[in-house]
Structures are given as structure tokens and as C-alpha cells.
Amino acid sequence: MRIVLLGAPGAGKGTIAKLLSDFDGSVQISTGDILRNAVKAKTKLGLEAQGYMERGELVPDRLIMDIMEARLQEPDCAKGYLLDGFPRTIPQAEELKKLLTKLNMKLDAVINIDVPKEVILDRLTTRRTCSNPDCQEIYNIKSKPPSPDGKCLKCGSPAVQRADETVEAITKRLETYNEKTAPLIDFYAKEGLLKTIASLSSDEIVSQIKEAVK
Ligand code: AMP
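Throughout what follows, the structure given in this document is the object of discussion. Here the structure is a predicted model, which is why all the values come from computation and not from measurement. Throughout, a residue's number is its position along its own chain's written sequence, starting from 1. Restriction of local features to residues with pLDDT of at least 70 applies here, the model being predicted, together with a cutoff of 80 or more for giving and counting side-chain atom pairs; totals for whole chains, interfaces and linings are based on all residues. Only hydrogens and water are set aside when side-chain values are computed; all heavy atoms of the structure are taken into account.

### Here we look at empty space enclosed by the protein
Inference 1: Cavity: a set of points on a 1 Å grid over the protein atoms alone where a 1.4 Å probe fits but cannot get out. Pocket: an open set with protein on both sides within 12 Å along at least five of seven lines, its lining residues, like those of a cavity, having an atom within 4 Å of a point. Grid points are joined across faces, edges and corners, and a volume is the space filled by probe spheres set on the points. This model, assessed by the stated rule, comprises one cavity of 30 Å³ or more.
Inference 2: The space that makes up the largest cavity amounts to roughly 60 Å³.
Inference 3: In terms of lining, the largest cavity is formed by Leu5, Leu6, Gly7, Pro9, Lys13, Gly85, Phe86, Pro87, Arg88, Tyr177 and Thr181.
Inference 4: The set of elements that each furnish at least two residues to the lining of the largest cavity consists of strand E1 (2-6) and helix H7 (167-181).
Inference 5: Under the convention adopted here, Pro, Cys and the residues Ala, Val, Leu, Ile, Met, Phe, Trp and Tyr are nonpolar, Asp, Glu, Lys and Arg are charged, and Gly plus all remaining residues are polar. Class assignment for the residues of the lining of the largest cavity results in six nonpolar, three polar and two charged. Labels follow the DSSP assignment, with helices taken as runs of H or I lasting at least four residues and strands as runs of E lasting at least two, numbered in each case from the N terminus.

Below you can see the structure in the form of C-alpha cells.
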């Protein structure tokens, strides 16, 4: 399947993408993961992106479109893809539309995962992420804790709080979402691609997505 996962930070896009990827082999493409790996590896992209990310601001559209233009042409995308955290602005959505036409690809659906703000805040402050770039398993200290000494249950690397998951950065990321990303809901409704799912259960969300793209 080829879908865009829309939703505020903490709505569960990453978790849903992993479940869908296990289901049909579509690849999860998370611009946030790509950028965090670049920051860790101190590449040119990483050095350019780091400040924006730590402040909870969006990285410039130009950098993101360069990443995505290359990524969507990788051979694994032939199996389908789940765009997680992209597009994030109207210009990115417009550029994506042009890019997909150029690559002769069509989206099946844009899924808007609609989660109340209180739930988002609670989830983000209790979230921990495996620090191993090849694993990045997501934990929650309340509902899905890592080992008692804070290690990833899959690979044993430390499960850590992301630098942009402090209360200040989260507040800023939510403001950025409302201002820059929420307008995409209307954009994709007009394109006839939008499906909004208001559920807190990953299994329920996944089954509704499978139904929507059948
Ligand atoms: P995420 O893990 O998707 O919440 O992304 C973490 C951070 O990476 C965001 O707060 C932004 O600074 C940056 N980022 C990720 N995806 C994008 C995007 N499509 N456009 C601009 N910035 C992005």
C-alpha cells in the first residue's frame, strides 16, 4: 500500500507504520528517523537539521524534498510505502504531488490519526526510544516499559528520551503541528484521499486502514 500517515507528534504514526509494514511489507519511511540518523552520523544534512529539530521547529522544505525524492526511488519502495511524518507542510504536499506524478505513482489514502491533546502530551513525555539506529523500538514507561535498567528488550541498547521530548520542545512541536501540518487535513480532503480515524487502539486503527485501502 502507498499511504501518508498524518497526525500530531505522539499520535502513533510510527507504531501504526511498523504494524502495517509487518502486514504487507510496505516500507516505513520516517523523515524524523532519517534526520535523527543523519544528526547522529554528523553528516552535512544532520548538521543542518540538528538545531531546528532540537528547538521543535520544522527542517526547511528543501532539505526534506531532497531526501524524499531520492528515497522514493529506492527499489524497496516498489513494495509500497508508509510515509510517517512527511509531508508536514502545504509546500511539501504540493511538491510530493508533483514528484508522484513524475514517478508515475499514486497514493492509496491519507490517514489522519486524530488523538486528543492530553493523550498526546502524556504519551510523548513517557515515551522512550531505542538508541540503536537500526532498531529504534518505541517504549512507554507506563504501558510498554523497557527493561528495569532502561535497555531495549529487542537489542539491549539504552532506551532513551529523545532530545525533542522535553516539555518545552513538545509544546513547540504541537504548536508547529497546528500551524503548519494541520492544514494538510483540508488539502487531502479536497484531493479525495483523506480518511480520519479517531481511535486510541493501534489494532483498531490498523484494521480501519486495511479496510480503507482494500
Ligand atoms: P518526528 O520524529 O516525525 O516527530 O520528527 C522529528 C523532527 O524532525 C521534527 O520535529 C522536525 O524538526 C523534523 N522533521 C521530521 N520530518 C519533517 C518534515 N517532513 N519536514 C520538516 N521537518 C521534519
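Text resumes after the structure shown.
### Things to note about unusual backbone geometry
Of all residues except glycine, most have a negative phi; of all peptide bonds, most are trans.
Inference 1: That bond from Phe86 to Pro87 is cis: its omega, -5°, falls within 30 degrees of zero.
Inference 2: With respect to the helices, strands and loops of the structure, Pro87 is situated in the loop between strand E3 (81-84) and helix H5 (90-102).
Inference 3: Positive phi values are uncommon outside glycine, yet Lys42 reaches one of about 55°.
Inference 4: One can find Lys42 in the loop between helix H2 (31-40) and helix H3 (44-55).
Inference 5: The backbone phi angle of Asn104 is positive, close to 60°, even though this residue is not glycine.
Inference 6: Look at Asn104 and you get exposed, because its relative accessible area is 69%. Note on classification: 1.4 Å probe, protein chains only; a residue is buried when its accessible area is under 20% of the maximum for its type, exposed when over 50%, partly exposed between these limits.

### Considering helix H9 (residues 202-213)
Inference 1: With 12 residues, H9 ought to run about 16 Å at 1.5 Å a step, and its terminal C-alpha atoms sit 17 Å apart, in line with that.
Inference 2: All of the buried residues in H9 are Ile205, Val206 and Ile209. Seen from one end, H9 has its buried residues packed into an arc of 100°, which puts them on one side. Along H9, the residues that are exposed and aim more than 90 degrees away from the buried face are Asp203 and Glu211.
Inference 3: Residue contacts follow a heavy-atom distance rule, with two residues in contact if any of their heavy atoms lie within 4.5 Å. Packing partners of the buried residues in H9 comprise E1, helix H1 (13-24), strand E4 (109-113) and strand E8 (194-197). Given the number of residues in a helix, its expected span is that number minus one, multiplied by 1.5 Å. Taken from the helix axis, the directions to the C-beta atoms give the arc we talk about.

### What about the pattern of salt bridges?
Inference 1: What makes a salt bridge here is a side-chain nitrogen of Lys or Arg within 4 Å of a carboxyl oxygen of Asp or Glu, nothing more. Throughout the structure, instances matching the rule amount to 16 salt bridges.
Inference 2: Its salt-bridge partner being Asp164, residue Arg162 comes within 3.1 Å of it at the nearest N-O pair. Side by side, Arg162 and Asp164 carry an identical accessibility label, which is buried.
Inference 3: The salt bridge partner of Arg162 is Glu165, with a shortest N-O separation of 3.6 Å. The pair Arg162 / Glu165 is uniform in exposure class, with both members buried.
Inference 4: Through salt bridges with shared partners, a single network forms among Arg127, Arg162, Asp164, Glu165 and Arg173.

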